[in-house]
Amino acid sequence: MLSGRPLVLLPLLLALAWALLSTLVTSAPAAAQGEGRVVVLGFDGADARTTERMMDEGGLPNLAKLRGEGTFAPLVSTNPAESAAGWAALNTGLNPAQNNVPSFIRRDFYGDSPMPVTGHISIEDVPIGELEPGGILGMLSGAGLGLVIGFGVAVAVLFALLFLALLRMNKAIALPLALILGGVGAWGVQTARGYVPSVVPGVYKNRVSADGFWAHAAQAGVESVVLDAALAFDRPTTPGARVLGGLGIPDVRGGISGEWFIYSTFDMNMGRVPRGESAGSTRAGTVFRVDERKGKIESELYGPVNFWERDQAQKEWDALEKQLENTDLGWEKTGRLRDEQEEVGKRLAEFGVPVPGIEPNAALHKHRTSMPFSVEKKDGVARITVGESVHELREGEWSGWIQLTFDVNPLIQVHAVTRARLISYDDPFELYFNSFEIDPADPVFWQPVSQPNGFARELTEWLGRPFETLGWSCMTNQMKDKALDVDIFLEDIEFTLKWREELTLAALARDDWRLLFSVFSTTDRVQHMMYRYHDPEHPRHDAEEAERVVTFFGQETKLKDVIPAIYRQMDRVVGEVAAKLGPNDTLLLCADHGFTSYRRGMEVNNWLAEKGYLRLREGLVSKKQKSLSSVVDWENTQAYSLGLGMVFLNLEGREPNGIVKKSEAKDVLRRIAADFVAATDPGPEDAPFATPARVGHDAVIMPDLYPSDDWGTIDYECADLMLGFAEHYRASWGSVTGYLRLATDEDGEVVLGETYRDNGNNWSGDHASNSPEVVTGIFFANRSVALPADGVSVLHMAPTVLSLLGVTPPGEFDREPLTVR
């Protein structure tokens, strides 16, 4: 992280060494009583129905054995049944109204209008004083003028003693020389302080407000290891718990699901460096046009925003603004200052900072750190040089890990890792770079990926190489944007599963823990993208393409059979783990939710308008107006929707223009719920269904399911009503952002568009907004478990794990532990 280039910083190493001599020693709590170890394996999106069917067919022998010797049951997720809410509840033992994570999406207000914002993370500008940069940067970030003077004096005294006592120099020479060197030292510290930013922007913060079960275990003396757990980052370090975070951690550029890059010589790609062209609907990818000259290509890789330069520009702007407050400057000086401020404003605009009168220009990569790379082509081989890394690739080959270093300033460096794949050698040349992931061996100080911070580095030693740290690993966005073909996606799936399996087995071989929790996400990612091949009724199903054979985990596999194949890989991993357990060890398997094919979507706000719960403004002039803020008549609207099937009342005293009284709220919710459960879809106009399809499975009034005194206020972040969609249905893509679909009639009047639409996206499988009863996950134990009459919930997992370890679950947990025999 720290660059050693400025020679003036070398004396600071003395002070750092002195600081490291002070250590804090805490005694470990007495270990909780219990037999054997507890191993919990999480498989994101592992569906109970698919698993049970494949066990019955003989396709999952290890899981079938586990069922026969222990316990299998469907695991009911939270409502909504999705990863953010599901894992947060499973980890903490608290429901979404208690743990602060209602969904991937929550509702906020922008002026008078509701808007969707992320529900599992927040992105904040964090003052450097609230972070823990460590080392020299940590010393400087909390230092004032006293450190500068003190360090100068210390250096002067040190050299005076050296010159007089050891070198026996003349006082007339030694003392002035020592004072000069002391001044140099003080100047060096002052110069270094100038490289400390006041704020780090765009830091991802975990919204989970409670400890995971592993922290409770560690507090009771149970050594715990957690690998790739969702929403486990940005939590306090608990002695005895070593935690690698998963879902929620961004890449070094701040991409929540990973930003990616293609460098292409294709003539139709017009975006050259530094701008490039945004690729696809997710806007997570950038395509850069490059030129080949005599077999050589040179370009740049763009890393994180240079937040120090942004900080400097902001300070300059603020200083100029302060000067311009003086009304006695005179027109000439005022004009000169305004010209200076305009130039500074243009720099700020490149960082996306709002500046009066200047259009933000953050799409330009000029505001980012960068490093050069080159490609030399010869005889079908592309020799790629990035820094000190050199990789030779033929078409279709992946590189190993490429180490990246982005300089923020002489004091701060950002270390990342990536992989490259040569998509095409010629006509056109295309080189793909995957997300620039936080280097686990040297994580950035503002975005730790583990607790304690050094645990990620320790894991690289277990593996002997780096690993993915991006919370949303696997190339779903690249597939969603149709930028990469399915073969590359499946290669990446295989890569991700293999290193996570290797890391899990490395942990199993150690004897320094009693609780191991390891999460695998590939089951989820495969089902999101591969249902269009697996489900012959999916609108995007291509029967011929579905029969195409690819190599997947060394097996020739038809695309239509990739989903069963990833379940067989889950089964194989379980077998590997089970074989390494002792007779007193307990093995639990869990999932955050199940899965189904996503064939059709409901435009939820259109449906609410059809039923009279939402009213459009009169006089709409364009069907391009889609957002709630631009089309809704709030004075006559009772309910609206945004997020994944979330319905909110236009509640008096909570919404800016609320009309529904709280005393009438539950009655309105019950009417909406009854209408939704009765809803049917006639099918596409050109191919109507023989029998209209049932759309709604159930609808749940959330304050009844997750009670809270906050309901009726903005602090209750769950929906008022959750629509639980039936098999094959989901809230549409537009519904997530609160849009309506509008159309024009024969007279050119703006009217409601169609309510039900085919899902034409490669993202063809889902679970979010399906009823939790439809998309149940898996629960397995290698011991007999007494199953509750109302089924096993994700909320049972935390208390059950603690009980198995001999730790009393906290009283605030939502459920009692399961009885394990």
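What you see is a predicted model, and the numbers here were worked out from it, not measured in a lab.

About the thresholds
- Residues numbered from 1 in each chain as written.
- Predicted model: local features only at pLDDT ≥ 70, side-chain atom pairs only at ≥ 80, totals over all residues.
- Heavy atoms only, no water.
- Buried < 20%, exposed > 50% of the residue type's maximum accessible area, 1.4 Å probe, protein only.
- Helix = DSSP H or I, 4+ residues; strand = E, 2+ residues; numbered from the N terminus.
- Pairing = 2+ DSSP bridges.
- 1 Å grid on protein atoms, 1.4 Å probe; cavity = no way out; pocket = protein on both sides within 12 Å on 5 of 7 lines; lining within 4 Å.
- Points joined across faces, edges and corners; volume = space filled by probe spheres on them.
- Nonpolar A, V, L, I, M, F, W, Y, C, P; charged D, E, K, R; others polar.
- Contact = heavy atoms within 4.5 Å.
- Expected span 1.5 Å × (residues − 1).
- Arc of directions from axis to C-beta.
- Axes fitted to C-alpha atoms, helices over the stretch in contact; angles between N-to-C directions.
- Salt bridge = Lys/Arg side-chain N within 4 Å of Asp/Glu carboxyl O.
- Disulfide = S-S within 2.5 Å.

All right, on to the pairing of strand E11 (residues 285-289) then. For E11, the buried fraction is high: five of the five residues fall into the buried class. Along E11, one buried face is formed by Gly285, Val287 and Arg289 and the opposite face, lined by Thr286 and Phe288, is buried too. The pairing of strand E9 (residues 260-264) with E11 spans five bridges and is parallel. Residue pairing for E11: Ser264 is matched across the bridge by Arg289. In this structure, strand E10 (residues 277-279) lies alongside E11, joined through three bridges in antiparallel fashion. Residue pairing in the sheet places Ser278 in a bridge with Thr286 of E11.

The next subject is the layout of surface pockets. Counted as a void, the second largest pocket has a volume near 790 Å³. For the second largest pocket, the lining is made up of 27 residues, of which Glu132, Phe445, Pro448, Ser450 and Asn453 are closest to its centre. Tallying contributions element by element places strand E6 (residues 199-206) first for the lining of the second largest pocket, with three residues. Along the lines of polarity and charge, the residues of the lining of the second largest pocket split into 13 nonpolar, seven polar and seven charged.

Turning next to the environment of Ala786. With respect to the helices, strands and loops of the structure, Ala786 is situated in strand E40 (residues 785-786). Owing to a relative accessible area of 26%, Ala786 belongs among the partly exposed residues under this scheme. Ala786 sits 33 residues away from Thr819 along the chain, and the two C-alpha atoms are 5.4 Å apart. Ignoring sequence-local partners within four residues, the contact set of Ala786 consists of Leu818, Thr819 and Arg821.

Once that is clear, we can look at the environment of Ala215. Within the secondary structure, Ala215 is located in helix H9 (residues 213-219). Ala215 gets classed as buried once you look at its relative accessible area, which sits at 4%.

Across the five residues that make up strand E18 (residues 420-424), a large majority, four, are buried. Bridge analysis of E18 against strand E19 (residues 430-433) gives four bridges, and the strand direction is antiparallel. Paired with Ser424 across the strands is Glu430, a residue of E19. Two successive antiparallel strands, E18 and E19, enclose a turn made up of five residues, where Asp427 displays a positive phi of approximately 50 degrees.

It is worth spelling out helix H7 (residues 145-166) at this point. Relative to the 32 Å expected for 22 residues at 1.5 Å per residue, H7 spans 31 Å between its end C-alpha atoms, a close match to the ideal helical length. Buried within H7 are the following residues: Val148, Phe151, Gly152, Val155, Ala156, Ala160 and Phe163. Down the axis of H7, the buried side of the element spans an arc of 165 degrees, and every buried residue falls inside it. Residues Gly146, Leu161 and Leu166 are exposed on H7 and point more than 90 degrees away from its buried face. Just beyond H7, the residue with positive phi is Arg168, at close to 55 degrees.

All right, on to the sheet that holds strand E37 (residues 756-758) then. The strand order across the open sheet formed by three strands is E34-E27-E37, and the pairing between neighbours is mixed. Of all strands in the sheet, those with a lone pairing partner are strand E34 (729-731) and E37, marking the two edges. Each strand axis lies, on average, 35 degrees off the axis of its neighbour in the sheet, ignoring direction. Of the strand pairs in this sheet, strand E27 (residues 600-602) and E37 are connected by three bridges, and their pairing is antiparallel. Pairing of Gly601 across the sheet is with Arg757, part of E37.

Attention now goes to the pattern of salt bridges. Counting across every chain of the model gives 50 salt bridges. In this structure, Lys498 engages Glu494 in a salt bridge whose closest nitrogen and oxygen atoms are separated by 3.0 Å. Highlighted residues: Lys498 and Glu494, both in helix H14 (residues 486-508), separated by four residues, approximately one helical turn. Salt-bridge contacts for Asp524 lead to Arg525; the nearest nitrogen and oxygen are separated by 2.9 Å. Of the two residues, Asp524 and Arg525, neither departs from the other in class, the shared state being buried. Look at the salt bridges and you will find they share partners, linking Asp267, Arg272, Arg289, Asp291 and Arg293 into a network.

One pass over the full model with this rule turns up zero disulfides. Among the cysteines around Cys474, which has no disulfide bond, Cys590 carries the closest sulfur, lying 18 Å off.

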